[in-house]
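Architecture and fold: a report
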Amino acid sequence: MAKLVINEEKTKGTIAPEIYGHFSEHLGRCIYEGMYVGEHSDIPNVNGMRTDVVEALKEIKIPVLRWPGGCFADEYHWKDGIGPKETRKKMINTHWGGVVEDNSFGTHEYFELCRQLGCKTYVNGNLGSGTVREMSEWAEYMTFNGVSPMADLRKANGHEEPWTVDYFGVGNENWGCGGNMRPSYYADEYRRYQTYVRNYDPKKPIQKICCGANVDDYAWTRGVLETAFDHTPPEFHGFMDGLSLHYYVHPEGWEIKGSATEFDEEVWYKTLKKALYMDTLIERHGNIMDEFDPEKKIAMIVDEWGCWFTVEPGTNPGFLYQQNTMRDALVAGITLNIFNKHCDRVKMANLAQIVNVLQSVILTEGASMVKTPTYHVFHMYRDHQGAELLESTLTGVGETGTGEWQVPEVTESVSRDADGVITVTLNNLSVSDKKDIDICFAAGEGERSVREASILTGEMKQHNTFAEPDCVTERAFEGYRVSGDKVCVTLPPCSVVRLRIEQ
Ligand code: AHR
């Protein structure tokens, strides 16, 4: 019999709410149409932000939103996106789809969106093609509360008070689209640029994020840290609060990628196996970070992750629009369990991307909106945010899969919130077999009860469409039985299950 043993005596750190963060880029229909429709749209909106999307994102307790890119960030000149909309520059989004970018969504609109969402802010600066002065002035424009050219400009543009920038990315993918730099060159640039991202309000210091590696480029991690720490007196070590990591799951590799909705069992397991690789990446990059930062003061920030498939037939290849099935739900469930278990080092993660791009939680078409299977996983996992990770051990769980693509039958993570309620999230990775698991407590003793339980399940390719928006949705879960201090659960194949257990 498979068992999940939870040790309530062993807490392993706090799960940063920001692990459940999101990413929005000026790419395809993410910002424009997806979140921002403008004040004059027929689609219900508040100050241009879609009400349906804002409300849905509040339901999953969105903790933080990264903007404006991605690759777009290193081509973005923030002054193009302020002031009267009619005079803002129109230009071509050369990186994504060659469409007109009218800059109607800029700095003020981003902070308005985050205000409506009630989430933290993560602004990504332009190191690749922008100047030190430009980056410095953006920080001044956003956060300075005194008399200065940029603070005065912000006020002239209608915003008296400064905003709070919680996180600031000093470039994006500078090993690639952000300037094709070598690690030591980028790290020197990082040192210089971040110097001028001033902390104007010592009570709200900006957390500065350094560009980290792509996938398994361990040489980048080591090279950046070596240069960053070289000739750096200890009092300056706060100059790097986070180091990023990007990892996308492409079932058939970067060139081919593979369809979002048409796949067989072999590709199902291949995709999940690739999602599980996130654990190895965190472990190995984390080991290198430990050499430089044994106290784990620098956070690992996985600010781009998710499935990247071939675009939906008939859509602009530069828009990266893809459907989202039960397979995406399992990738999300597996990955979020991995992040929870690494909460000592991983302090933020941002799914790419929030609406209409890659592994989105929401798809829109005109005035219609669909919540994807991935959305429901984020909803089911929301109680992990800010909770204490508990030690949990699975026994009697084997592997499942086809050929070389073997994966564990089940993955899980367990946390306890401030009210003492325990959240258990379980994934059954098998497409065909159910799995019985007894959830036990190391301390034993005492009746347990299940306060809430829900499930997301379906056939592996099942997804939601505008015609059938609730084909895959979170439902009440009844496949459990409480027996004294044990909770006996039957996980249906291809499922994500959440239990909230109390004593
Ligand atoms: O999310 C799409 C793109 O993927 C981002 O712009 C870039 O940072 C990454 O390569």
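Quick look at the structure, then. (Residues numbered from 1 in each chain as written. Predicted model: local features only at pLDDT ≥ 70, side-chain atom pairs only at ≥ 80, totals over all residues. Heavy atoms only, no water.)

Core analysis: the biggest nonpolar cluster contains 123 residues, and Phe168, Tyr186, Trp305 and Phe339 have the highest contact counts within it. When residues in this core are grouped by element, the largest group, eleven residues, is from helix α8 (residues 265–292). Two domains each donate at least three residues to this core, and these are domain 1 (2–8 + 389–502) and domain 2 (9–388). Counting 22 residues, the second largest nonpolar core, distinct from the first, contains Val414, Ile439, Phe477 and Val497. (Core = buried A, V, L, I, M, F, W, Y, C linked by side-chain atoms within 4.5 Å. Buried < 20%, exposed > 50% of the residue type's maximum accessible area, 1.4 Å probe, protein only. Helix = DSSP H or I, 4+ residues; strand = E, 2+ residues; numbered from the N terminus. Domains from an automatic or database assignment.)

Next up on the list: the sheet that holds strand β22 (residues 449–457). Pairing within the open sheet is mixed, and its ten strands lie in the order β23-β22-β26-β20-β19-β16-β1-β21-β25-β24. Across the chains shown, the open sheet's two edge strands, defined by having one partner strand only, are β23 (475–476) and β24 (480–483). Here five bridges tie strand β1 (residues 2–14) to strand β21 (residues 435–441), and the two strands are oriented parallel to one another. Each residue of the ladder has a partner; that of Ile6, found in β21, is Phe441. Helix α9 (residues 326–341) rests against β16 (388–395), β19 (410–416), β20 (422–428), β22 and β26 (495–502) of the sheet, and its axis sits at about 50 degrees to β19. Its contacts with the sheet place helix α10 (residues 373–380) against β20, β22 and β26, and it is angled at close to 165 degrees to β22. (Pairing = 2+ DSSP bridges. Contact = heavy atoms within 4.5 Å. Axes fitted to C-alpha atoms, helices over the stretch in contact; angles between N-to-C directions.)

Burial analysis of strand β11 (residues 242–249) places eight of its eight residues in the buried class, the great majority of the element. Side chains Gly242, Ser244, His246 and Tyr248 of β11 all project onto a buried face; the interleaved residues Leu243, Leu245, Tyr247 and Val249 project onto the opposite face, where all are buried too. Where strand β10 (residues 207–214) and β11 come together, four bridges link them in parallel fashion. Each residue of the ladder has a partner; that of Asn214, found in β11, is His246.

A word on the state of the cysteines. The full count for this structure, using the stated rule, is one disulfide. Here Cys71 connects covalently by a disulfide to Cys177, the sulfurs 2.2 Å from one another. The S-S bond linking Cys71 to Cys177 shows a torsion near -90 degrees; that makes this disulfide left-handed. On the criterion of sequence distance, the pair formed by Cys71 in the loop between β5 (64–67) and β6 (91–92) and Cys177 in the loop between β9 (167–170) and α5 (183–195) is long-range, its members being 106 residues apart. On the basis of relative accessibility, which here comes to 10%, the residue Cys71 falls in the buried class. With a relative accessible area of 27%, Cys177 lands in the partly exposed category. Left without a disulfide partner, Cys488 is nearest to the cysteine sulfur of Cys440, which lies 7.7 Å away. Owing to a relative accessible area of 12%, Cys488 belongs among the buried residues under this scheme. (Disulfide = S-S within 2.5 Å.)

With that settled, consider the packing of aromatic side chains. One pass over the full model with this rule turns up 27 aromatic pairs. Each ring, one from Trp78 and one from Tyr141, has its centre 4.9 Å from the other, and the planes form 50 degrees; the classification is tilted. Of this pair, Trp78 sits in the loop between β5 and β6 while Tyr141 sits in helix α3 (residues 132–143), and the two are 63 residues apart along the sequence. Tyr141 shares its class with Trp78; the two are buried. Ring geometry for Tyr248 and Trp308: centres 4.8 Å apart, planes at 80 degrees, overall edge-to-face. In this pair, Tyr248 is assigned in strand β11 and Trp308 in the loop between β12 (299–307) and α9, connecting sequence segments 60 residues apart. For the pair formed by Tyr248 and Trp308, the shared burial category is buried. Sitting over the ring of Phe23, Arg66 keeps its end group 4.6 Å from the ring centre. (Phe/Tyr/Trp six-rings, centres within 6.5 Å; stacked < 30°, edge-to-face > 60°. Lys NZ or Arg CZ within 6 Å of the ring centre and 35° of its normal.)

Buried residues dominate helix α2 (residues 107–117), accounting for ten of its eleven residues. Burial in α2 covers these residues: Thr107, His108, Glu109, Tyr110, Phe111, Glu112, Leu113, Cys114, Gln116 and Leu117.

Here we come to the packing of α2 against α3. Where α2 meets α3, the axes come as close as 12 Å, and the angle between the chain directions of the two elements is 50 degrees. As the angle between them shows, α2 and α3 are arranged oblique. Two packed elements cross with a definite hand, and for α2 against α3 that hand is right-handed. Two secondary-structure elements touch here, α2 through Thr107, His108 and Phe111 and α3 through Trp138, Tyr141 and Met142. Broken down by class, the residue content of the contact of α2 with α3 amounts to four nonpolar, two polar and no charged. (Parallel < 35°, antiparallel > 145°, perpendicular 65-115°, else oblique. Left-handed = near helix turned anticlockwise from the far one by under 90°. Nonpolar A, V, L, I, M, F, W, Y, C, P; charged D, E, K, R; others polar.)

All right, on to the site of the ligand then. The local shell around the ligand consists of Phe23, Glu25, Gly70, Cys71, Trp96, Asn172, Glu173, Tyr248, Glu304, Trp308, Gln353 and Leu358. Here Glu25 contributes a side-chain N or O atom positioned 2.7 Å from an oxygen atom of the ligand. Measuring from an oxygen atom of the ligand, one finds a side-chain N or O atom of Tyr248 at 2.8 Å. Protein burial of the ligand: of its 280 Å² of free accessible surface, 93% is covered by the chains. Along the lines of polarity and charge, the residues of the shell around the ligand split into six nonpolar, three polar and three charged. (Near = heavy atom within 4 Å. Polar contact = N/O pair within 3.5 Å; in protein donor to acceptor, adjacent residues only side chain to side chain. Areas by Shrake-Rupley, 256 points an atom, 1.4 Å probe, with all protein chains shown as cover.)

If a strand is regular, its side chains alternate between the two faces of the sheet. When β24 meets strand β25 (residues 486–491), the two strands line up antiparallel, connected through four bridges. Opposite Tyr480, over in β25, you have Val489 as the bridge partner. Between β24 and the antiparallel strand that follows it, β25, lie two residues; Gly484 among them carries a positive phi value of about 65 degrees.

Below, the discussion takes up the sheet that holds β11. In space, the eight strands of this closed barrel follow the order β2-β5-β8-β9-β10-β11-β12-β13, with parallel pairing throughout. The average undirected angle you get between the axes of adjacent strands in this sheet is 30 degrees. In terms of strand pairing, strand β8 (residues 120–125) meets β9 through four bridges, oriented parallel. Within the sheet, the bridge partner assigned to Asn124 lies in β9 and is Gly169.

That's the geometry; what it means functionally is another story.
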